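Summary of structural features
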Amino acid sequence: MNEFDNNEERLEPHITEENEKEAVNNTSDSTEGNTTYHYAYKKPENKEADNNTPQGGYYQPPQSTEYRTAFNGEPINSTPFDASDYGAAPKKKKNKTVIVLVTIFVACILFAVIGIITASISSPDENKNFNSNPNSSSQVQTQDQEDVPKTTATGEYTVAGVAENCIDSCVGITVYTQSTSYSNFYGYGYGSGNQQGNGSEEVKSGEGSGILMLEDNGRTYILTCAHVISDGSSFKVTLNDKTEYDATMVGYDAQTDIGVLVINATGLKIAEFAKSDSTVLGEQVVAIGCPGGIDFLNSISSGYISALARPISSTIGYDTDCIQIDAAINPGNSGGALFNMQGQVIGVNSSKIAATEYEGMGFAVPSDTAIETANSLIRVGYVEGRAKLGITYKNITSYSNSTAIINELARLGYENANGTMVINEVSSDSDLAGKDINEYDMIIAVNGETMTSTDVMTSILADSKPGDSVKLTIARIQNNQINTFEVECKLIESKG
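Treat the numbers as computed from the prediction; the structure is a model and nothing was measured. (Residues numbered from 1 in each chain as written. Predicted model: local features only at pLDDT ≥ 70, side-chain atom pairs only at ≥ 80, totals over all residues. Heavy atoms only, no water.)

Some thoughts on the side chain of Ser494
To be explicit about the condition: Each helix is a run of H or I in the DSSP string that is no shorter than four residues. Each strand is a run of E no shorter than two, and both are numbered from the N terminus. Any two residues whose heavy atoms approach within 4.5 Å at even a single point are treated as in contact.
As for its position among the elements, Ser494 is in the segment after strand 22 (492-493). When near neighbours in sequence (up to four residues on either side) are disregarded, Ser494 contacts Tyr382, Val383, Arg386, Ala387 and Lys388.

Okay, here's the thing in structure tokens:
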């Protein structure tokens, strides 16, 4: 039993809780208007202009003018101008209609000739190629590509070099889980199988990546992530050449997100691991894994180390210092290798920030942490040297009167004690077993630090070893009051 249980209980005896008002967040919608600009030609306001304005709305001046105006708009002469008045011979009027018709006829002939010429150029015979030359022997030829460099002048691998030399150390993992085909639903069974519910089958439940890490006693061990294999009942490992092996779980550790599988095979290409504490910011890296599953087996992406020792929370509340990278990491990459440019594994790709506003923020468990955890899992089945209190508990917030208790603890000086651990059971090997600790006693602080969340306790335990002591502040409800006292607890070893 832990803080994630959802059973709602009331911690008794309890403190009366007053009704609290809830604040309502009001939101307002806003719209942004679009502006359309209209452009139009404005006609002159006179009748003569109106009579000479085409339907399109564009003003054109009259074709002839009987008088000229001065700048002030007054007529200079009220009679039409006639050159014969000054001795000049009158001009003979031309037949404008004939001229217009001739002009139009010539234009039509000209356009027809241009159209024929254009068509003959742009529309070649469909059985012939444009500008084809049957006598030409010239053809476009592809050339042999120069060899892609696999190493640099300094002796490091290029990305292509890492891929060529390391990809056979990378594998895909298929996870299967038991699926019961019969369910006793309130006494009314459905589905196939017998009435005892023994009818079950294995179904594929997930896919991930792994690294060939060790060969020993005729078997090969595969390093991967805990969240890839933790829910599986059987596993299949796919090598880079598509060879498949049935695999067995050795163990996993949710705190570091590291797991180990084993297959009955030898002679495979085992990866080389480097000390991750030698990595540097800005170092180039190559990630190999199965984004999207086995269909994309051993895809390659590359990038750089964006940050070191980034604290990333595990599924059980512990922080692991991870390597942050900008190489593409996608679902299915989990458990895959992160290589340096010497072809050595420096991390196990574990997670990414999967949100639309984030891009290029992936995280890998450092090889130092991964190998230490994996070696312990192979050797004893759990992570050695890990400390624990030796209790089971529930979080205070799972009780119906938790708000009243937290408010009272705040009044006693323990502000925001939302991570308070309500003790359910003390194990026989715990140091608390011989002390005055009862069921429903509450741990409200550790080493003087208020339990604002359970992370306070997990962080202290992560930095401690079996045999170390911690000071616990205990709160106990008696006679409808909360009394506090302190107790020393020597930590014991956690074995999974």
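Considerations on the nonpolar core
What counts is decided by this rule: The set of buried Ala, Val, Leu, Ile, Met, Phe, Trp, Tyr and Cys residues whose side-chain atoms join them within 4.5 Å is what this entry labels a nonpolar core. Note on exposure labels: buried denotes an accessible area under 20% of the residue type's maximum, exposed denotes more than 50%, and partly exposed covers the range between, all computed with a 1.4 Å probe on protein chains only.
Ranked by internal contacts, the top residues of the largest apolar core, which has 39 residues, are Ile222, Leu223, Val237, Leu261 and Phe339. Not counting residues up to four positions away in its chain, the partners in contact with Phe339 are Val162, Cys166, Cys170, Gln284, Val285, Val286, Ile288, Gln344, Val345 and Ile346. Core analysis: the next-biggest nonpolar cluster, separate from the first, contains 22 residues, Met421, Val446, Met451 and Cys489 among them.

Observations regarding the packing of aromatic side chains
Formally: Centre distance within 6.5 Å is the pairing criterion for rings of Phe, Tyr and Trp, where only the six-membered ring of Trp is used; planes under 30 degrees apart are then read as stacked, over 60 as edge-to-face, and the remainder as tilted. Placement of a positive charge over a ring is assigned whenever Lys NZ or Arg CZ falls within 6 Å of the ring centre and within 35 degrees of the normal to the ring plane.
Tallied over the full model, the rule gives zero aromatic pairs. Above the face of the Tyr399 ring, Lys394 is positioned so that its terminal group lies 5.3 Å from the ring centre.

Regarding unusual backbone geometry
Although it is not a glycine, Ala309 adopts a positive phi angle of roughly 55°. Not every positive phi belongs to a glycine, and Asn480 is a case in point at roughly 60°. Residue position: Asn480 is located in the loop between strand 20 (469-478) and strand 21 (481-490). Here Asn480 falls in the partly exposed class, since its relative accessible area comes to 42%.

Remarks on the pattern of salt bridges
Note the following rule: For salt bridges, the criterion is a side-chain nitrogen of Lys or Arg within 4 Å of an Asp or Glu carboxyl oxygen.
Taken as a whole, this structure holds eight salt bridges when the rule is applied. Measuring nitrogen to oxygen at the nearest pair gives 3.0 Å for the salt bridge that ties Asp246 to Lys236. Of this pair, Asp246 sits in strand 7 (residues 244-253) while Lys236 sits in strand 6 (residues 234-238); the two residues are 10 residues apart in sequence, bridging distant segments of the chain. Relative accessible area serves as the criterion here: at 59%, Asp246 is assigned to the exposed category. Connected via shared salt-bridge partners are Asp436, Asp441 and Arg476.

Let's talk about the pairing of strand 17 (residues 421-426)
Put simply, the rule is: Strand pairing is assigned whenever DSSP detects at least two bridges linking the two strands.
Judged from the five bridges that link them, strand 16 (residues 391-395) and strand 17 form a sheet pairing that is antiparallel. Bridge assignment links Ile391 to a residue of strand 17, and that residue is Val426.

As for a nonpolar patch on the surface
Here is the rule: Exposure above 30% relative accessible area and the absence of a salt bridge qualify a residue for a patch, where like charges join within 9 Å and nonpolar side chains (Val, Leu, Ile, Met, Phe, Trp, Tyr) within 5 Å. The Shrake-Rupley method, run with a 1.4 Å probe, gives the accessible areas here. Residue values count only the displayed protein chains as cover.
A surface patch of nonpolar side chains, about 300 Å² in accessible area, is lined by Phe105, Val106 and Ile109. Of note, Ile109 is situated in helix 2 (residues 96-122).

A short note on helix 6 (residues 402-411)
An α-helical turn contains 3.6 residues, so any two residues separated by three or four positions project in the same direction. By the burial criterion, the buried members of helix 6 are Ser402, Ala404, Ile405, Ile406, Glu408 and Leu409. As for helix 6, its buried residues are in contact with strand 18 (442-446), strand 20 and strand 21. Remark: Gly413 follows helix 6 within two positions and exhibits a positive phi of approximately 105°.

Things to note about the pairing of strand 7
Where strand 6 lies against strand 7, four bridges are found, and the strand directions are antiparallel. The residue of strand 7 that forms the bridge with Phe235 is Ala247. Linking two consecutive strands that pair antiparallel, namely strand 6 and strand 7, is a turn of five residues; a positive phi of about 80° is found at Lys242 within it. Bridge count for strand 7 against strand 8 (residues 258-263) is five bridges, and the pairing is antiparallel. Its bridge partner lying in strand 8, Thr248 is registered against Val262. The hairpin turn running from strand 7 into strand 8, its antiparallel successor, is four residues long, and Asp257 in that turn takes a positive phi close to 65°.

Thoughts on helix 7 (residues 455-462)
Among the residues of helix 7, those classed as buried are Val456, Met457, Thr458, Ile460 and Leu461. Looking at the buried positions of helix 7, the neighbouring elements they touch are strand 15 (387-388), strand 17, strand 18, strand 19 (449-450) and strand 20.

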